[in-house]
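# Report on the structure
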Amino acid sequence: MPRTLDPTLSACDRFGAVLRHWRQLRQLSQAQLATVLPVTPDQIAKYEKAVRWPSQKAVERIDEHLEAGGELITLWTEGEAEREIARNSKAPVDGAYVDHWTQMLSALAAAGNAVGGRRFLDIVTTEIAVISRFGAAATGQVAAGFLSTQARWLEFGSWIADNQGDRLNATVMLKRAGGLAERARDTVFGAYVLMRRAQRAYEEDQPRVCLDLVESVASTNQPPRIRALLATRAAQAHAALGDGPAMRRSLKRAFLDACRDSTPDKIDLELASHSTPSYVLAHEGICLLTLGEPNGAVGVLETVLQDWPASHRLDEGLVRAHLAFAQATTGALDEGVDQARRALALGLETGSERTLRILRRVMNERLDGAAGHRELVIQWAAAAQGGS
């Protein structure tokens, strides 16, 4: 009977537990996996028990064979950093580093909202490894602070990866973020991660999964902006399920919470500064479009874009893409082409695959044959060729 690993003990234990998970998921015995390297089955068993440490080359081959999407390689890097710390001095880690990385992340997130984060993923990956190395040497509350900080960087990395269309990397990073938040007993950030998972489930056409994730959070214990985001995700799921009354009830709750901008909660502001009344109204328009009410969607989206903050250009592209879809659906093709052109410029500027995904649907399903459609296709093709 294999011993139960406690992934909270160390990065090495986490690596062993995840290696066992992926091996069993692929229905391989230790002997079968051992032939990949090749090593003995006993060595695989020791890797999983965290009593022996594999080489980087071995881990890369195992990760590829198990199709683990880089998760084992990332965990090995964290474990190697932890082992290096253990080999060196045990000098206490200054908790001020947590504030440093928190401020740095806030600056990057603000820039990401304004211009997209496609240039940031390498920076984020590097910083996560450094945070992990320092955090491995921390103890007590300082260690918990490092865990929460690393979790936030991982979630930000997953957000960037999602906007770039790298769903696998985003999934791995968000999963790790949730695990670290749980280890740190950071319930607020844990709720935020669940909200992001709900958002991704909705985007993957799984509205019931989205609702289950939202309902798994005790939202009454969360600060108002995060409650607004959770209610917005619920509204999107209800719209996808065709439940207009439930959608409107969720949007009402979201709007009321988003209007509580006098909240003194610093964490709420750091995590969910984008959770504003304008954000909720934009999603009301998107929900109406999903529900099959394009005329109502046009009115809401046109109104909200009049005062859209310049600092949120990434989301502006997404909103304009939905407005183009709604306009085209109502037969306002010229207006739809104009909005699609503006959304395309924003999507290309910010590197938002989410915006471009909506635009592909608009152009292929709604605007084909409209005046200006051909020029729009040419503009897209020219931009894609210039970026290649």
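A brief report on the enclosed structure follows.

Thresholds applied
Residues numbered from 1 in each chain as written. Predicted model: local features only at pLDDT ≥ 70, side-chain atom pairs only at ≥ 80, totals over all residues. Heavy atoms only, no water. Helix = DSSP H or I, 4+ residues; strand = E, 2+ residues; numbered from the N terminus. Rg over C-alpha atoms; globule rule 2.2 N^0.38 Å. Buried < 20%, exposed > 50% of the residue type's maximum accessible area, 1.4 Å probe, protein only. Expected span 1.5 Å × (residues − 1). 1 Å grid on protein atoms, 1.4 Å probe; cavity = no way out; pocket = protein on both sides within 12 Å on 5 of 7 lines; lining within 4 Å. Points joined across faces, edges and corners; volume = space filled by probe spheres on them. Nonpolar A, V, L, I, M, F, W, Y, C, P; charged D, E, K, R; others polar. Axes fitted to C-alpha atoms, helices over the stretch in contact; angles between N-to-C directions. Parallel < 35°, antiparallel > 145°, perpendicular 65-115°, else oblique. Left-handed = near helix turned anticlockwise from the far one by under 90°. Contact = heavy atoms within 4.5 Å. Core = buried A, V, L, I, M, F, W, Y, C linked by side-chain atoms within 4.5 Å. Phe/Tyr/Trp six-rings, centres within 6.5 Å; stacked < 30°, edge-to-face > 60°. Salt bridge = Lys/Arg side-chain N within 4 Å of Asp/Glu carboxyl O.

### Quick look at the overall build of the chain
Scanning the chain for helices and strands turns up 20 helices and zero strands. In terms of overall size, the chain behaves like a compact globule, its C-alpha atoms giving a radius of gyration of 23 Å where 388 residues would be expected to give roughly 21 Å. Overall, the C-alpha framework of the chain stretches about 65 × 45 × 40 Å when taken along its three principal axes. Classification of the 388 residues of the chain by burial places 51% in the buried group.

### Here's the deal with unusual backbone geometry
Across the junction of Leu37 and Pro38, the peptide omega takes the value -10 degrees, indicating a cis bond. Its identity is not glycine, yet Gln27 carries a phi of approximately 60 degrees, on the positive side. Its identity as a non-glycine residue notwithstanding, Arg185 has a phi of 55 degrees, on the positive side. Its location among the elements puts Arg185 in the loop between helix 9 (167–183) and helix 10 (187–203).

### Here's the deal with helix 7 (residues 121–135)
The end-to-end C-alpha distance of helix 7 is 21 Å, a good match for the 21 Å that 15 residues give at a rise of 1.5 Å each. For helix 7, every residue scored as buried is listed here: Leu121, Val124, Glu127, Ile128, Val130, Ile131, Ser132 and Gly135.

### Examining empty space enclosed by the protein
Over the atoms, a rolled probe matching the size of one water molecule traces out where space is still vacant. A full pass over the atoms with the stated rule returns two cavities of 30 Å³ or more. Put simply, the parts of the chain that give the lining of the largest cavity at least two residues each are helix 8 (140–163) and helix 10. When residues of the lining of the largest cavity are assigned to their parent elements, the largest contribution, four residues, is made by helix 10. For the second largest cavity, the full set of lining residues is His274, Thr276, Ser278, Tyr279, Trp308, Pro309, His312 and Asp315. Partitioning the lining of the second largest cavity into residue classes produces three nonpolar, four polar and one charged.

### Concerning the packing of helix 8 against helix 9
Interaxial distance between helix 8 and helix 9 falls to 8 Å at its minimum, and their mutual angle equals 160 degrees. Here helix 8 is positioned roughly antiparallel relative to helix 9, judged by the angle of their axes. The element helix 8 and its partner helix 9 pack so that their crossing is left-handed. Packed against helix 8, whose contacting residues are Leu147, Gln150, Ala151, Leu154, Glu155, Gly157, Ser158, Ala161 and Asp162, the element helix 9 presents Arg167, Asn169, Ala170, Met173, Leu174, Arg176, Ala177, Leu180, Ala181 and Arg183 at the interface. Taken together, the residues of the contact of helix 8 with helix 9 break down into ten nonpolar, four polar and five charged.

### Let's talk about the nonpolar core
The biggest cluster of nonpolar side chains holds 50 residues, and the ones touching the most others in it are Trp153, Phe156 and Phe189. Where this core is concerned, the elements lending two or more residues are helix 6 (96–115), helix 7, helix 8, helix 9, helix 10, helix 11 (207–215), helix 12 (224–240) and helix 14 (266–272). Excluding residues within four positions of it along the chain, Trp153 makes contact with Trp101, Met104, Leu105, Leu108, Val124, Glu127, Ile128 and Ile131.

### Re the packing of aromatic side chains
Taken as a whole, this structure holds eight aromatic pairs when the rule is applied. Relative to Trp76, the ring of Trp53 lies with its centre 6.3 Å away and its plane at 10 degrees, an arrangement referred to as stacked. Highlighted residues: Trp53 in the loop between helix 3 (41–48) and helix 4 (56–66) and Trp76 in helix 5 (residues 71–87), separated in sequence by 23 residues. You'll find Trp53 and Trp76 in the same group, each marked buried. Judged by centre distance (6.2 Å) and plane angle (65 degrees), the rings of Trp101 and Phe146 are edge-to-face. Residue Trp101 is located in helix 6, and its partner Phe146 is located in helix 8; the two are separated by 45 residues in the primary sequence. Summarising the burial analysis for this pair, Trp101 and Phe146 share the class buried.

### Some details on the environment of Thr77
Looking at the element boundaries, Thr77 is found in helix 5. Judged by relative accessible area, which is 37%, Thr77 ranks as partly exposed. Here the alpha-carbon distance between Thr77 and Leu241, two residues 164 residues apart in the chain, equals 42 Å.

### Re the side chain of Arg354
Residue placement: Arg354 occurs in helix 19 (residues 353–366). With relative accessibility at 10%, the residue Arg354 sits in the buried group. When sequence neighbours within four positions are dropped, the list of residues in contact with Arg354 reads Asp162, Asn163, Gln199, Glu203 and Leu318.

### Remarks on the pattern of salt bridges
Should the charged atoms of two oppositely charged side chains come close, the side chains can pair. Inspection of every chain in the model, using the stated rule, returns 19 salt bridges. A salt bridge links Glu48 to Arg23, with the shortest nitrogen-to-oxygen separation between them at 2.5 Å. Residue Glu48 is located in helix 3, and its partner Arg23 is located in helix 1 (residues 11–25); the two are separated by 25 residues in the primary sequence. Taking relative accessible area as the criterion, Glu48 reaches 0% and is therefore assigned buried. One salt bridge in this structure joins Asp162 and Arg196, with 3.6 Å as the shortest N-O distance. Of the two residues, Asp162 sits in helix 8 while Arg196 sits in helix 10, which places them 34 residues apart along the sequence. Like Asp162, the residue Arg196 is buried in the burial classification. Salt bridges here are not isolated pairs; linked through shared partners, they connect Glu155, Asp162, Arg167, Arg196, Arg200, Glu203, Glu204 and Arg354.

Any link to function would need more than the numbers given here.
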